[in-house]
Amino acid sequence: MNITMLYSKLHRATVTDANLNYVGSITIDVDLLKAANMRVGQKVDIVNVNNGERFSTYIIPGESGKRDICLNGAAARKVHKGDKIIIIAYATMTEEEADTYEPKIVILDDDNGVAQEFTGLE
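Conventions used here
- Residues numbered from 1 in each chain as written.
- Predicted model: local features only at pLDDT ≥ 70, side-chain atom pairs only at ≥ 80, totals over all residues.
- Heavy atoms only, no water.
- Patch = residues over 30% accessible without salt bridge, like charges linked within 9 Å, V, L, I, M, F, W, Y side chains within 5 Å.
- Areas by Shrake-Rupley, 256 points an atom, 1.4 Å probe, with all protein chains shown as cover.
- Salt bridge = Lys/Arg side-chain N within 4 Å of Asp/Glu carboxyl O.
- Helix = DSSP H or I, 4+ residues; strand = E, 2+ residues; numbered from the N terminus.
- Pairing = 2+ DSSP bridges.
- Axes fitted to C-alpha atoms, helices over the stretch in contact; angles between N-to-C directions.
- Phe/Tyr/Trp six-rings, centres within 6.5 Å; stacked < 30°, edge-to-face > 60°.
- Buried < 20%, exposed > 50% of the residue type's maximum accessible area, 1.4 Å probe, protein only.

Q: Explain a nonpolar patch on the surface to me, and be specific about the residues and the numbers.
A: Together, Tyr22, Val23 and Tyr58 line one region of the surface with nonpolar side chains, adding up to about 310 Å² of accessible area. For tyrosine 58, the position within the fold is in strand β5 (residues 54-62).

Written out as structure tokens, the structure is:
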């Protein structure tokens, strides 16, 4: 049996832009993608801490070092610039893999710099 588990997350990212007139997705600085072991094209859930919205989209790469977190297309209606969001990636694993896998957690500061990173949930 396979189950879906938390793979990694970027916690409390600050939305830097919302672009309604763009093909839907979330733009994330490639440095932040690397820190969280996320991939371009990967499906992610977005949780808006400010208004409680939850939705899914996919990742497109943002310019390295700019710390951009931009919601594009219809998702732009669910956030405002300055909102705090959590970007959550999942992976499908066997029960054996799930028993030992430790997700990568990256906590960001107000400027989307890495404030803390660790593996595991405990």
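Having seen it, we continue.
Q: With reference to specific residues and values, describe the sheet that holds strand β6 (residues 69-72).
A: Strand order in the open sheet made by the 9 strands is β2-β6-β3-β5-β4-β7-β1-β8-β9, with mixed pairing throughout. The open sheet has two free edges, formed respectively by β2 (17-19) and β9 (114-119), since each of these has just one partner strand. Averaged over neighbouring strand pairs, the angle between their axes works out to 30° when direction is ignored. Relative to strand β7 (residues 84-94), strand β4 (residues 43-48) is paired through 4 bridges, and the arrangement is antiparallel. Paired with valine 47 across the strands is isoleucine 86, a residue of β7.

Q: Break down the packing of aromatic side chains for me, with residues and values.
A: A full pass over the atoms with the stated rule returns 1 aromatic pair. On the basis of an interplanar angle of 10° and a centroid distance of 5.8 Å, the ring pair of tyrosine 7 and tyrosine 101 is categorised as stacked. Separated by 94 residues along the polypeptide, tyrosine 7 in strand β1 (residues 2-14) and tyrosine 101 in the loop between α2 (95-100) and β8 (104-108) bring together distant segments of the chain. Using a relative accessible area of 16% as the deciding quantity, one classes tyrosine 7 as buried.

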